[in-house]
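Residues per chain, in single letters:
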Number of protein chains: 2
Amino acid sequence: MPLQNCIECMISFNDRNGLTTEVSKVSKRVRQEDIAKELGLSINSVSLALKNSKRINEETRQRVHQVAKELNYIPNSIARSLVEKKSKIIGFILPKITNPVQIETAQLIERKLMANGYNMMLMTTDSDRDYESFALDILVSRQVDGIFLFPTNKQNQDKIRSIRNAHIPMVLLSGGNYEPASDSVYMNQFKGAYKAASHLAQLGHRQIAFIHGGPANMEKYTGYQAALKDNGIEFDEELVITVDNYSYEQGYLSAAKLFSKGGVTALFASSDYLALGALRWCREQGMRVPEDMAIVGFDDLEAAQYAEIPLTSVTYKVEELTTLAVELLYRLITEEEQAKSKPIRIEIEPTLQIRSSCGYKSKNRQ
Amino acid sequence: MPLQNCIECMISFNDRNGLTTEVSKVSKRVRQEDIAKELGLSINSVSLALKNSKRINEETRQRVHQVAKELNYIPNSIARSLVEKKSKIIGFILPKITNPVQIETAQLIERKLMANGYNMMLMTTDSDRDYESFALDILVSRQVDGIFLFPTNKQNQDKIRSIRNAHIPMVLLSGGNYEPASDSVYMNQFKGAYKAASHLAQLGHRQIAFIHGGPANMEKYTGYQAALKDNGIEFDEELVITVDNYSYEQGYLSAAKLFSKGGVTALFASSDYLALGALRWCREQGMRVPEDMAIVGFDDLEAAQYAEIPLTSVTYKVEELTTLAVELLYRLITEEEQAKSKPIRIEIEPTLQIRSSCGYKSKNRQ
DNA sequence: TTGTACGCGTTATCAC
DNA sequence: GTGATAACGCGTACAA
């Protein structure tokens, strides 16, 4: 689909399908007018009665509710949104729905929003700059009351800034060691990666490989590099592999490339799936983990904990993050919090969950 | 939140928050009227120009587009939806976002929808009857153009039927050996479970345990029972455990309960995660898989393939299913397909992907 | 307590 | 080709 000029594409969409002219056979939905006619009241009275206004007679109120139920009246949110200038929809944009942590974040946020009458519109970007931009336009067009965005690296910074300037509440769920373009609540991936790589370095490893998912993982990449530097290890580009999705398979294939040459003694993977795929390769090749190869993952999925060799992984409290994120968005929606020149920035610091796969004998070792 | 009388809850929502009276500091979005004023045209001409009507002068058309871009005009989908009686939103209801196969289904469907100008509203039910009913009401209220629903067992059959009667396009993504309440495209879970349990029975196992996730897994349950019966094995309730989510942990705990007594030689789990959790328990207890315990899972996740002992699992083509489901929904939307008295029913038959965990020496054994 | 009139932003039907 | 005018369904002043 044409991502260029996406607004134009949205504008002219109707020309492309022939649906408009078709006779709608949809049985008319019942409106307030219908129940007004039924009772010989005005639409207004019905409207007031339905929202239990005290300015309406208790008896008529009950009769209206009665008839509404009988006719199976369901309010038209679209019409309501138009007049109230609130859609009660929150947009949620994330790169890929297959990222378990991001989708868990979405789930928790959806639950919290639902409790306040909001619903969630979900869009994916595949980490693509144009898709991300397009998704933002769509959500603005749909008059969402707020947006959660897992931005991919520093894409669309200008657009994000302009949305913020338009006072559309938006909370970024990713960020790093740079000035964010909008208010944000996120786990510091830089620090997480730094901790992981440092840990491996301090266990004595000098050749630490790194697998990452491209632009979406830039912060992890820089964290990895910083850790090497601080531990006096020279960065070697040969030890880094970029993959295009976080799968066991990609981890498996990357391990084959990275480890066959020999020399490498440790791996830091930007996702647990990648780490577990690599783990599988090691097992097949008769490599012992952690003795021959130390492995650290990222996200601390349940799969990491239950792996053959329980996986050391970078972790953080998703529940805590989502709570903060929703709170911040509500503050922005109610404008308790004005859009200040400097975006609010709430950071969660990740920790390293140490298990067997890195070879460190912790007291809590599993 | 009050799930009873959900419509009333929706109706009276505004009373509960105090936002309505607050002064909106949102800088006014630009409307067609603004660009009309700017050019000394009528709103109508602007509207026509924006959608590239041939009934408008080419020069003015261009001027309108020009100004629209300058003012950063973004169309208001809410207003458009109101008059067109089409929201271009598709609702998607699923029990839990943490089910990888269901969420992959959602992802694939979202992509296909997006290519046609639709967006997706996502809701979760937690397999709860009232939540499911509530979600349906919300989506109807929001005037969605169609609904995908992973129904939980036979909940809300009447509501589903009434939505169908109201000619709101809806495709069910789950079903079984019973007359579905609406048009549906789904993988036959009964057959999948039947194949899995039969396979174990035919390998000689007589005590086959079963872990399932409650009402959402009824079809698998009956498939399991049917397989036992057809293989002359008496059903033993003691060998069945119900869990409330598909996690490694639940599988691990269930294995502890089921296997400690002894006697059981095989396990069929209604989800790969459960199976892998059980696998972990076996390893810790020194039980060999498949020699001491044969295990079969469901869904054929990547984790199953890459497990320590690659897991035999029930599988099907999600891509194929989503393609059929989207096609069917479009047919219903364009009313090529009238809502007939008898719902359309498209079934995908799952297959058993045999790997090492069940002990069967297939030629393709991994 | 209830009804009337108007507005929300857009599209569609007519005139001109 | 272009511009009034009337919808769409609901909320809210303001009258009655």
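All of these numbers come straight from a predicted model, not from anything done at the bench.

## Structural notes on the packing of helix H3 (residues 32-39) of chain A against helix H5 (residues 58-70) of chain A
Residues and elements named next belong to chain A.
Here comes step 1: It is at 10 Å that the axes of H3 and H5 come closest, and there the two elements cross at 120°. Classed by the angle they form, the pair H3 and H5 counts as oblique. In the packing of H3 onto H5, the handedness of the crossing is right-handed. The segment H3 lies against H5, with Ile35, Glu38 and Leu39 engaging Arg63, Val64, Val67 and Ala68.
Here comes step 2: When its residues are assigned to classes, the contact of H3 with H5 shows five nonpolar, no polar and two charged.

## Thoughts on the side chain of Ser87 of chain B
Here comes step 1: Here Ser87 of chain B is to be found in the loop between helix H6 (77-84) and strand S1 (89-94).
Here comes step 2: At a separation of 2.7 Å, a polar atom in the side chain of Ser87 of chain B contacts the main-chain carbonyl oxygen of Gln143 of chain B.
Here comes step 3: The residues touching Ser87 of chain B, leaving out its near neighbours within four places in the chain, are Ile78 and Arg142 of chain A together with Ser81, Arg142, Gln143, Val144 and Asp145 of chain B.

## Structural notes on the packing of aromatic side chains
Here comes step 1: A complete count under the given rule lists 30 aromatic pairs over all chains for this structure.
Here comes step 2: Their ring planes at 55° and their centres at 6.1 Å tell us that Phe92 of chain B and Phe150 of chain B sit as a pair that is tilted. Remark: Phe150 of chain B occurs in the loop between strand S3 (146-149) and helix H9 (157-165) and Phe92 of chain B occurs in strand S1; sequence separation between them is 58 residues.
Here comes step 3: For Phe92 of chain B, a relative accessible area of 0% puts it in the buried group.
Here comes step 4: An aromatic cluster is present here, built from Phe210, Tyr221, Tyr224, Phe235, Phe268 and Phe298 of chain A joined pairwise through their rings.
Here comes step 5: When the ring centre of Tyr178 of chain A is taken as origin, the NZ or CZ atom of Lys154 of chain A, which lies over that ring, is 4.6 Å away.

## A look at the pairing of strand S1 (residues 89-94) of chain A
Residue and element names in this part refer to chain A.
Here comes step 1: Across the six residues of S1, six count as buried, placing the element largely inside the fold.
Here comes step 2: Because side chains alternate across S1, one face comprises the buried residues Ile89, Gly91 and Ile93, and the other comprises Ile90, Phe92 and Leu94, equally buried.
Here comes step 3: Both S1 and strand S2 (residues 119-124) contribute to a ladder of six bridges, which runs parallel. Its bridge partner being in S2, Phe92 is matched across the sheet by Leu122.
Here comes step 4: This β-α-β element, S1 to helix H7 (residues 100-114) to S2, shows right-handed connectivity.
Here comes step 5: Where S1 lies against strand S3 (residues 146-149), four bridges are found, and the strand directions are parallel. Counted as the bridge partner of Ile90 is Gly146 from S3.

## Here's the deal with the state of the cysteines
What is meant by a disulfide is a covalent connection between two cysteines, made through their sulfur atoms.
All names here are of chain B.
Here comes step 1: Under the defined criterion, the tally for this structure stands at zero disulfides over all chains.
Here comes step 2: We note that Cys282 lacks a disulfide partner, and the nearest cysteine sulfur, in Cys358, lies 14 Å from it.
Here comes step 3: The class of Cys358 is buried, set by a relative accessible area of 3%.

## What to know about the protein's contact with DNA strand D
Here comes step 1: Close contacts around DNA strand D come from 23 residues, with Asn44 and Tyr73 of chain A together with Asn44, Ser45 and Asn57 of chain B the closest.
Here comes step 2: Backbone atoms, meaning sugar and phosphate, form 66% of the atoms of DNA strand D found within 4 Å of the protein.
Here comes step 3: Taking Asn76 of chain A, its main chain carries an N or O atom lying 3.4 Å from a phosphate oxygen of DNA strand D.
Here comes step 4: Arg55 of chain B is positioned with one of its side-chain polar atoms (N or O) 3.2 Å from a base oxygen of DNA strand D.

## Quick notes on the sheet that holds strand S12 (residues 351-353) of chain A
Residue and element names in this part refer to chain A.
Here comes step 1: Strand order in the open sheet made by the six strands is S7-S6-S8-S9-S10-S12, with mixed pairing throughout. One side of each edge strand has no neighbouring strand; the edge strands of this open sheet are strand S7 (240-242) and S12. Pairs of neighbouring strands in the sheet enclose a mean axial angle of 20°, with direction left out of account.
Here comes step 2: As paired elements, strand S9 (residues 294-298) and strand S10 (residues 312-315) share three bridges and run parallel to each other. Paired with Gly297 across the bridge in S10 is Ser313.
Here comes step 3: Helix-sheet contacts for helix H12 (residues 248-260) involve strand S6 (208-212), S7 and strand S8 (266-269), and the interaxial angle to S6 is about 150°.
Here comes step 4: Those strands touched by helix H13 (residues 272-284) are S6, S8, S9 and S10, and its axis lies near 155° from that of S9.

## Things to note about unusual backbone geometry
All names here are of chain A.
Here comes step 1: Residue Pro290 is reached from Val289 by a cis peptide bond, and omega for that bond is 10°.
Here comes step 2: By the element assignment, Pro290 lies in the loop between H13 and S9.
Here comes step 3: Of note, Lys85 is a non-glycine position whose phi angle comes to about 60°, a positive value.
Here comes step 4: Along the polypeptide, Lys85 turns up in the loop between helix H6 (77-84) and S1.
Here comes step 5: Look at Lys85 and you get exposed, because its relative accessible area is 68%.

## A look at the UniProt feature "domain: HTH lacI-type" (unreviewed entry) in chain A
Here comes step 1: The UniProt record annotates "domain: HTH lacI-type" (unreviewed entry) at residues 30-84 of chain A.
Here comes step 2: The distance separating the terminal C-alpha atoms of residues 30-84 of chain A is 21 Å; by composition the span is 67% helix and 0% strand.

About the thresholds
Residues numbered from 1 in each chain as written. Chains lettered and ligands numbered in written order. Predicted model: local features only at pLDDT ≥ 70, side-chain atom pairs only at ≥ 80, totals over all residues. Heavy atoms only, no water. Axes fitted to C-alpha atoms, helices over the stretch in contact; angles between N-to-C directions. Helix = DSSP H or I, 4+ residues; strand = E, 2+ residues; numbered from the N terminus. Parallel < 35°, antiparallel > 145°, perpendicular 65-115°, else oblique. Left-handed = near helix turned anticlockwise from the far one by under 90°. Contact = heavy atoms within 4.5 Å. Nonpolar A, V, L, I, M, F, W, Y, C, P; charged D, E, K, R; others polar. Polar contact = N/O pair within 3.5 Å; in protein donor to acceptor, adjacent residues only side chain to side chain. Phe/Tyr/Trp six-rings, centres within 6.5 Å; stacked < 30°, edge-to-face > 60°. Buried < 20%, exposed > 50% of the residue type's maximum accessible area, 1.4 Å probe, protein only. Lys NZ or Arg CZ within 6 Å of the ring centre and 35° of its normal. Pairing = 2+ DSSP bridges. Right-handed = clockwise from strand over helix to strand, strands pointing away. Disulfide = S-S within 2.5 Å. Near = heavy atom within 4 Å. UniProt positions renumbered as here; feature names shortened; annotations may be inferred.

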